[in-house]
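# Chains, contacts and geometry: an overview
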Amino acid sequence: QVQLVESGGGLVQAGESLRLSCAASGSIFSINVLGWYRQAPGKQRELVAAVTRGGSRNYADSVKGRFTIFRDNAKNTVYLQMNSLKPEDTAVYYCASGRYWSLDGVDYWGKGTLVTVSS
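Described below are features of the structure shown in this document. (Residues numbered from 1 in each chain as written. Predicted model: local features only at pLDDT ≥ 70, side-chain atom pairs only at ≥ 80, totals over all residues. Heavy atoms only, no water.)

### Some remarks on the environment of G9
Here G9 shows up in the loop between strand 1 (2–7) and strand 2 (10–13). Along the primary structure G9 and L20 are separated by eleven residues, whereas in three dimensions their C-alpha atoms are 6.3 Å apart. With residues near it in sequence (within four places) discarded, G9 still touches L18, L20, T113, L114 and V115. (Helix = DSSP H or I, 4+ residues; strand = E, 2+ residues; numbered from the N terminus. Contact = heavy atoms within 4.5 Å.)

This is the structure we're talking about:
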């Protein structure tokens, strides 16, 4: 079992920044990928960014150049630095861990943290 606890969501204006954090605990030795996914109202959950234990990263096209994911293996924590936020980034952001970064590769989910970007 892996437990994931997110923090850092909130309300910001367009153009501002936020940093999300996710602390992993439990059977962390089994984790290959840590990532962030989001789900906006009425939309499907989608990958935002993910990073493997070895440091390979994958980003959604919509966030490339604005968001950065980084992982601190010593602290078992993954971060998502979100810059130049847009109203369309508004969603519940979920931390996840698993074998690979597509949705069917996720084994564990956090409870989610709401990010709201006002125009």
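There is more to say, and it comes next.
### Re the packing of aromatic side chains
All chains considered together, the criterion is met by three aromatic pairs. Ring centres of Y37 and W109 lie 5.2 Å apart, and the angle between their planes is 70°; on these two criteria the pair is classed as edge-to-face. Within this pair, whereas Y37 is found in strand 4 (residues 33–39), its partner W109 is found in strand 10 (residues 106–109), the two being separated by 72 residues in sequence. Using a relative accessible area of 1% as the deciding quantity, one classes Y37 as buried. For W109, a relative accessible area of 34% puts it in the partly exposed group. Judged by centre distance (6.2 Å) and plane angle (85°), the rings of Y94 and W109 are edge-to-face. In this pair, Y94 sits in strand 9 (residues 91–98) while W109 sits in strand 10, placing the two residues 15 residues apart along the sequence. The structure contains a cluster of three or more aromatic residues connected by ring pairs, namely Y37, Y94 and W109. We note R45 situated over the ring of Y94; from NZ or CZ to the ring centre the distance is 3.7 Å. (Phe/Tyr/Trp six-rings, centres within 6.5 Å; stacked < 30°, edge-to-face > 60°. Buried < 20%, exposed > 50% of the residue type's maximum accessible area, 1.4 Å probe, protein only. Lys NZ or Arg CZ within 6 Å of the ring centre and 35° of its normal.)

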